[in-house]
Amino acid sequence: QVQLVESGGELVQAGGSLRLSCAASASNYAMGWFRQAPGKEREFVAAISWSGGRTFYEDSVKGRFTISRDNAKNTVYLQMNSLKPEDTAVYYCAAARIPQFSPSDYYTNRGRYDYWGQGTQVTVSS
């Protein structure tokens, strides 16, 4: 069992920045960030391989969000810049056993993730 604890969500104005953190109780997992807005399905945002050597992004966040990890601290980060009101959602961290060179859809598919955090609310005001 892997425990995941997210932090960093808050209310921010459009154009602002936030950094989300996810502390994991185990290492060597691929990690992903997903988000869920009210009335919508949970969607993929970004993912990173267990080594940190591969990253993946949903199209609408490319160039604005950056996922990274510090394996010494078992922590994954999501740096979010140029935030927009449509980024408002609960953001979830998730962990999965995905081999390093798996196809990208392994990383973007929420069904591949076995462990989930409790979520952190990000609200972007216009």
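As a reminder, the structure under discussion sits directly above these lines.
Computed from a predicted structure; not experimentally measured.

Asker: Would you mind showing me how to read the overall build of the chain here?
Answerer: What the chain contains, in helices and strands, is one helix and eleven strands. Listing every helix and strand of the chain by position from the N terminus yields β-β-β-β-β-β-β-β-β-α-β-β. Computed over the C-alpha atoms, the radius of gyration of the chain is 13 Å, within 12% of the 14 Å expected from 2.2 N^0.38 for a compact globule of 126 residues. With respect to the three principal axes, the spread of C-alpha positions in the chain is 40 × 25 × 25 Å. Expressed as a percentage of its 126 residues, the buried residues of the chain come to 44%. Here the analysis covers contacts within the chain between residues at least 6 apart in sequence; of these, 60% occur between residues at least 24 apart. Within the structure as shown, the chain displays about 6300 Å² of accessible surface, and the carbon and sulfur contribution to it stands at 45%.

Asker: What is the right way to look at the pattern of salt bridges in this model?
Answerer: Close approach of charged atoms lets side chains of opposite charge pair. Applying the stated criterion to the full structure yields four salt bridges. For the salt bridge of Asp-87 with Arg-35, the shortest nitrogen-to-oxygen distance reads 2.9 Å. Of this pair, Asp-87 sits in the loop between strand S8 (75-80) and strand S9 (89-96) while Arg-35 sits in strand S4 (residues 30-36), and the two are 52 residues apart along the sequence. For the pair Asp-87 and Arg-35, a shared accessibility class is recorded, and that class is buried. A salt bridge links Lys-62 to Asp-59, with the nearest nitrogen and oxygen atoms 3.1 Å apart. A single network of salt bridges, built from pairs that share partners, joins Arg-35, Glu-43, Arg-64 and Asp-87.

Asker: It is not clear to me how the environment of Met-80 should be interpreted in this structure. Could you clarify?
Answerer: For Met-80, the position within the fold is in strand S8. Considering only alpha carbons, one finds Met-80 and Ile-67, 13 residues apart in sequence, at a separation of 8.8 Å.

Asker: Would you mind showing me how to read the packing of aromatic side chains here?
Answerer: To describe a pair of aromatic rings, you give the distance between the ring centres and the angle between the ring planes. A complete count under the given rule lists six aromatic pairs for this structure. Centroid distance Phe-34 to Phe-44: 5.7 Å. Interplanar angle 75°. Geometry classified as edge-to-face. With a gap of ten residues between them, Phe-34 in strand S4 and Phe-44 in strand S5 (residues 43-48) connect regions that are remote in the sequence. As far as the burial class goes, Phe-34 and Phe-44 line up, both buried.

Asker: How should the sheet that holds strand S1 (residues 4-7) be read in this particular structure?
Answerer: Within a sheet, neighbouring strands are paired by backbone hydrogen bonds and run either parallel or antiparallel to one another. Pairing within the open sheet is antiparallel, and its four strands lie in the order S1-S3-S8-S7. Sheet topology places S1 and strand S7 (65-70) at the edges, where each strand pairs with a single neighbour. Ignoring which end each strand starts from, the neighbouring axes of this sheet average 15° apart.

Asker: I'm lost on the state of the cysteines in this one. Help?
Answerer: Think of a disulfide as a covalent bridge from one cysteine sulfur atom to another cysteine sulfur atom. According to the stated counting rule, one finds one disulfide in the structure shown. Covalently, Cys-22 is tied to Cys-93 through a disulfide, its sulfur atoms 2.0 Å apart. Disulfide Cys-22-Cys-93: torsion about the S-S bond near -75°, hence left-handed. Here the residue Cys-22 occupies a position in strand S3 (residues 18-24), and Cys-93 occupies one in strand S9, the gap between them amounting to 71 residues. Each of the two residues, Cys-22 as well as Cys-93, counts as buried.

What counts, and at which threshold
Residues numbered from 1 in each chain as written. Predicted model: local features only at pLDDT ≥ 70, side-chain atom pairs only at ≥ 80, totals over all residues. Heavy atoms only, no water. Helix = DSSP H or I, 4+ residues; strand = E, 2+ residues; numbered from the N terminus. Rg over C-alpha atoms; globule rule 2.2 N^0.38 Å. Buried < 20%, exposed > 50% of the residue type's maximum accessible area, 1.4 Å probe, protein only. Contact = heavy atoms within 4.5 Å. Areas by Shrake-Rupley, 256 points an atom, 1.4 Å probe, with all protein chains shown as cover. Salt bridge = Lys/Arg side-chain N within 4 Å of Asp/Glu carboxyl O. Phe/Tyr/Trp six-rings, centres within 6.5 Å; stacked < 30°, edge-to-face > 60°. Pairing = 2+ DSSP bridges. Axes fitted to C-alpha atoms, helices over the stretch in contact; angles between N-to-C directions. Disulfide = S-S within 2.5 Å.

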